[in-house]
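# Analysis of the macromolecular model
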Amino acid sequence: MTIRIRILAALLAGGLASAAHAEGFVFTQPGTGLQQLDLSGVGAATLGTSGVAGLGAGPFSIANTGTGVVIGETGAATLGTNGTWQAISPWADTPAGAAAGAFVSGLSFDDNAVRFSLNPGQSSGFVGLRFMVDTSAPPAGDLLLSVFDTGGALIAASTLQSPVSGGGINESAFIGYVSDSSAIGSFSVTGAYHVYGDITYAQPVPEPAEWAFMMAGLSAAAAFARRRRAAKHA
């Protein structure tokens, strides 16, 4: 019974984000039931052909097919006339809030093809992130969020996002994707001259095939326990 309760709790946690929004892209962050991906533990690693092939953070494995983004950076990134991303400062829209977390900095044209994949057998109902772009760079910065199912098939891809801020510190935008069926197995961030961080996600749950296998195992375990109890009282 305890195992079943834990699994059901995980499923409910994965569905909290999707309960608040209809399936699709969202531009405000759901307020409850989300985890934050901690990138600070990876250090200032370069990820791509000029750095390491991949690394892990939380339930995700992260890879980059570009030349090299810096991930886990905890300093600041200048975005030309669009302002500054600064990890030690709060978000501009929450001046009394916590400081921005570690971020992914890919401030060149061909660095930004980063894929975040959940561990095998897991899926999620929500992924999202804060971001800023450098609109002064030629070409102007942009960001595209794509989400995939556990088999790697594309679920949806956003339009290019290129917000212009007032040129201050941490004047970011938000983009995320809600899957009512908790079908997200991975997501990618592509585009030019952007930084992003404070990545949020719904607690991963077992994907359907894994869930069916686990339930079959639970049923077998419960039947075995009943037989043992019956044998003791015979």
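Given the structure is predicted, the values throughout are model-derived calculations rather than measurements.

Ordered in space as 4-5-10-16-13-14, the six strands form an open sheet in which the pairing is antiparallel. The open sheet is flanked by strand 4 (54-57) and strand 14 (154-157), the only strands paired with a single partner. Here the average twist between neighbouring strands, direction ignored, is 20 degrees. Relative to strand 16 (residues 186-192), strand 13 (residues 142-148) is paired through seven bridges, and the arrangement is antiparallel. Paired with Phe-148 across the strands is Ser-186, a residue of strand 16.

So, about unusual backbone geometry. Note the cis peptide between Pro-138 and Pro-139, where omega equals -5 degrees. In this structure, Ser-182 takes a positive phi of about 50 degrees despite not being glycine. Its location among the elements puts Ser-182 in the loop between strand 15 (173-178) and strand 16. Judged by its relative accessible area of 13%, Ser-182 is buried.

Next up on the list: the nonpolar core. One finds Leu-39, Ile-62, Phe-116, Leu-129, Phe-187 and Tyr-196 to be the most contacted residues of the largest nonpolar core, which totals 32 residues. Counting residues per element, this core draws most heavily on strand 12 (residues 126-133), at four residues. What Ile-62 contacts, discounting residues up to four positions off in sequence, is Leu-39, Leu-47, Ala-53, Gly-54, Leu-55, Ala-57, Ile-71, Val-114, Arg-115 and Phe-116. Counting nine residues, the second-largest nonpolar core is a separate cluster that includes Ala-77, Ala-87, Trp-91 and Val-195.

The side chains of a regular strand alternate between both faces of the sheet. Summarising the sheet, strand 13 and strand 14 pair through three bridges and their orientation is antiparallel. Bridge pairing in strand 14 places Ser-146 opposite Ala-157. Connecting strand 13 to the antiparallel partner strand 14 that follows it, the hairpin turn spans five residues, and Gly-152 within it adopts a positive phi of roughly 90 degrees.

Glancing now at the packing of aromatic side chains. In the structure shown here, the tally under the stated rule is nine aromatic pairs. Where Phe-25 meets Tyr-177, the ring centres are 4.9 Å apart and the plane angle is 70 degrees; that geometry is what we call edge-to-face. One end of the pair, Phe-25, is in strand 1 (residues 24-26); the other, Tyr-177, is in strand 15, with 152 residues separating them in the sequence. A network of ring pairs unites the aromatic residues Phe-60, Phe-116, Phe-187, Tyr-196 and Tyr-201 as a single cluster.

Before going further, it helps to examine the side chain of Ser-105. Mapped onto the elements of the fold, Ser-105 is located in strand 9 (residues 103-106). Those residues within four positions of Ser-105 in sequence are excluded, and the remaining contacts are Val-69, Val-70, Ala-77, His-194 and Val-195.

Mapped onto the elements of the fold, Ser-165 is located in the loop between strand 14 and strand 15. By relative accessible area, which is 19% here, Ser-165 ends up buried. Within polar-contact distance, the side chain of Ser-165 engages the side chain of Glu-171 at 3.5 Å. In contact with Ser-165, other than residues within four places in its own chain, are Asn-82, Gly-83 and Glu-171.

Looking at the chain as a whole, its pLDDT mean stands at 84, while 79% of the residues score no less than 70. Element-level pLDDT for the chain is lowest in helix 1 (residues 2-20), with a mean of 42, against a maximum mean of 98 in strand 14. Every residue in residues 1-19 scores below 50 in pLDDT, and together they form 28 contacts with partners more than four places removed in sequence or on other chains. Note that pLDDT drops below 50 for residues 209-218; the model gives that stretch nine contacts with residues more than four away or on any other chain.

Rules of the game
- Residues numbered from 1 in each chain as written.
- Predicted model: local features only at pLDDT ≥ 70, side-chain atom pairs only at ≥ 80, totals over all residues.
- Heavy atoms only, no water.
- Pairing = 2+ DSSP bridges.
- Helix = DSSP H or I, 4+ residues; strand = E, 2+ residues; numbered from the N terminus.
- Axes fitted to C-alpha atoms, helices over the stretch in contact; angles between N-to-C directions.
- Buried < 20%, exposed > 50% of the residue type's maximum accessible area, 1.4 Å probe, protein only.
- Core = buried A, V, L, I, M, F, W, Y, C linked by side-chain atoms within 4.5 Å.
- Contact = heavy atoms within 4.5 Å.
- Phe/Tyr/Trp six-rings, centres within 6.5 Å; stacked < 30°, edge-to-face > 60°.
- Polar contact = N/O pair within 3.5 Å; in protein donor to acceptor, adjacent residues only side chain to side chain.
- pLDDT = per-residue confidence, 0-100.

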